[in-house]
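Chain and residue survey
Each chain is listed here by its residues.
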Amino acid sequence: MQPLSRGAGVPRGSAPGGGHGTAAGDGLQRARLGNGLTVLVLRNPAVPLVTIEMDVKNGAYTETEEFDGLSHLYEHMFFKANARIPDQEAYLRRARELGMEWNGTTSEERVNYFFTLHRRNLRAGLEFMNDAIRTPLFRADEMERERVVVLGEYDRAEADPEFHLHVAVHKRLWHHHYTRKNVIGSREVIATATPEKMRTIQLRYYLPNNSALLVAGDVEFDDVCAQAEVVFGDWTQGPDPFVAHPIPAHPPLEVPSTVVVEKPVQAVTLLRAQHGPSVDEDRVATYAADVLSAITGQRNSRFYRRLVDTGLCASAALGYHTLRYTGPLQVQLRTEPERFQAAHAALLDELQHLGAPDAFTDEELQSAKNQLEVGHIYERERASEHVHTVGYWWAVADLDYHQTYVERVRQVTREDILRTARRYLVDRPAVTGVLLAPEMRAALGPLPGES
């Protein structure tokens, strides 16, 4: 799992798989306008607020080297001048008039923009979103200012030693197509980006048939659909961007490797990463990987007791990030230089054991499923947060994935987990990164496969 950041006339027609008014569980209703725009409504009248979100299938996975990091820069330019708002000062003034809280995020396979405001301003909010999504101006002066802001984010990231560890590991992990996973992008590409490149992104991906409008809060489905049709109904559909610009598959790792990153840190951090399952290719394994992560995260699990309770590590966690185009399976642990070798050996032993029939107990399996179910329900507590989760799954998988998540997790068997562990973790090539201070190097001893 793990969904990142910063920061209705009635539909003219219904496309296959998105019938108008389809109740979709957990209060989610959906429709599709004639131009292909998906409309998702999450009614929650607890408070008189409404969150309007637009999700676009864009992000790092669409980026070649020439566009490395420009989905994120585009996200920043979204909150600038458009055909109706002449400059950012006017943008901010209008946001204040509407009492809006607003932001956007960029991740590997999704970019989203969202406003939360009073329900009486629903129509004004939809029109504000419409102007921003369809008519950005990409003014050169605003772009120069925003470029500094994005590069400032880059500077802050580089100030974190773990950023360098993750970059070093992921460059090897995604060797052929690193830019397709590199959300923050290339400093050089960001520094030289042009309004023309922003326009290329807009024309290619910011299309109604590649976007979803989500509205959550104190609203009525029919009213939202009627207003969406009036506001967004004449947004012109375009060609499927993934036909002309298909996403390349990530070639598997052929050999294990180790990379050492030296920075002024107080402890040793190890990051071990492997290719995990993809939503489209092995959906069952994505649920199993979540359950496996939850099992190993339990304080009474063998994995946690062996690595943390023994004092070998200060922390140790295994996690899977669900993605359509190969999600990473990663273990990160933190330890002291003198204990590194023992901690590393214990980690490898525990990973090997995850492929054994007695890797976990029935009680741990059930507890992990319960934990994932409660987490899934808890996300629904606040409509303004739940809408981000729904939008993420719409972009990265599909609504069925979101709506049947708990059911599919409950169906995960011991055999599913063992198959997933054996296919993706056990005896499979991994990239191991070690972050340490230069003076710790001698105490660590030899690192297998270091290059």
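Scope of this entry: the structure provided in the associated data block. Because the structure is predicted, anything quoted here is derived from the model rather than measured.

**A closer look at the overall build of the chain**
- When helices and strands are counted, the chain shows 18 helices and 12 strands.
- Expected size for 451 residues packed as a compact globule is a radius of gyration near 22 Å; at 23 Å, the chain falls within 12% of this value.
- Its C-alpha atoms put the chain at 65 × 50 × 40 Å along the principal axes.
- Looking at the chain as a whole, 58% of its 451 residues qualify as buried.
- A total accessible area of about 18400 Å² is found for the chain, and carbon and sulfur atoms account for 51% of it.
- For the chain, the distance from the average position of its 49 positive side-chain charges to the average position of its 61 negative side-chain charges is 2 Å.

**Some words on unusual backbone geometry**
- A positive phi angle, near 50°, is found at Phe-138, a position not held by glycine.
- Following the sequence through the fold, Phe-138 ends up in the loop between helix H3 (122-134) and helix H4 (140-158).
- For Phe-138, a relative accessible area of 4% translates into the label buried.
- Notably, Asp-427 is not glycine yet its phi reads approximately 55°, a positive angle.
- Looking at the secondary structure, you find Asp-427 in the loop between helix H17 (414-424) and strand S12 (431-436).

**Re the pairing of strand S11 (residues 328-335)**
- When you tally the buried positions in S11, you get six out of eight residues, the bulk of the element.
- As paired strands, strand S9 (residues 268-275) and S11 are joined by eight bridges and run antiparallel to one another. Bridge assignment links Val-268 to a residue of S11, and that residue is Thr-335.
- Note that strand S10 (residues 315-320) and S11 share six bridges and pair antiparallel.

**Some remarks on the sheet that holds S12**
- Judged by pairing direction, the sheet is mixed, and its five strands sit side by side in the order S8-S12-S9-S11-S10 without closing on themselves. Of all strands in the sheet, those bounded by a partner on one side alone are strand S8 (257-262) and S10. Strand-to-strand, the axes of this sheet are offset by a mean angle of 15°, without reference to chain direction.
- On the sheet, helix H5 (residues 161-173) packs against S8, S9, S11 and S12 and is oriented at approximately 160° with respect to S12.

**Points about helix H7 (residues 195-205)**
- When we look at burial in H7, the residues that qualify are Lys-197, Met-198, Ile-201, Gln-202 and Tyr-205. Across the axial projection of H7, the buried residues extend over an arc of 145°, all falling on one side. Away from its buried face, by an angle of more than 90 degrees, H7 presents the exposed residues Glu-196 and Leu-203.
- In this fold, the buried residues of H7 make contact with strand S4 (49-56), helix H1 (70-78), H3, H4, strand S7 (211-217) and helix H9 (241-244).

Analysis parameters
- Residues numbered from 1 in each chain as written.
- Predicted model: local features only at pLDDT ≥ 70, side-chain atom pairs only at ≥ 80, totals over all residues.
- Heavy atoms only, no water.
- Helix = DSSP H or I, 4+ residues; strand = E, 2+ residues; numbered from the N terminus.
- Rg over C-alpha atoms; globule rule 2.2 N^0.38 Å.
- Buried < 20%, exposed > 50% of the residue type's maximum accessible area, 1.4 Å probe, protein only.
- Areas by Shrake-Rupley, 256 points an atom, 1.4 Å probe, with all protein chains shown as cover.
- Lys, Arg positive; Asp, Glu negative; His and termini not counted.
- Charge placed at Lys NZ, Arg CZ, Asp CG, Glu CD.
- Pairing = 2+ DSSP bridges.
- Axes fitted to C-alpha atoms, helices over the stretch in contact; angles between N-to-C directions.
- Contact = heavy atoms within 4.5 Å.
- Arc of directions from axis to C-beta.

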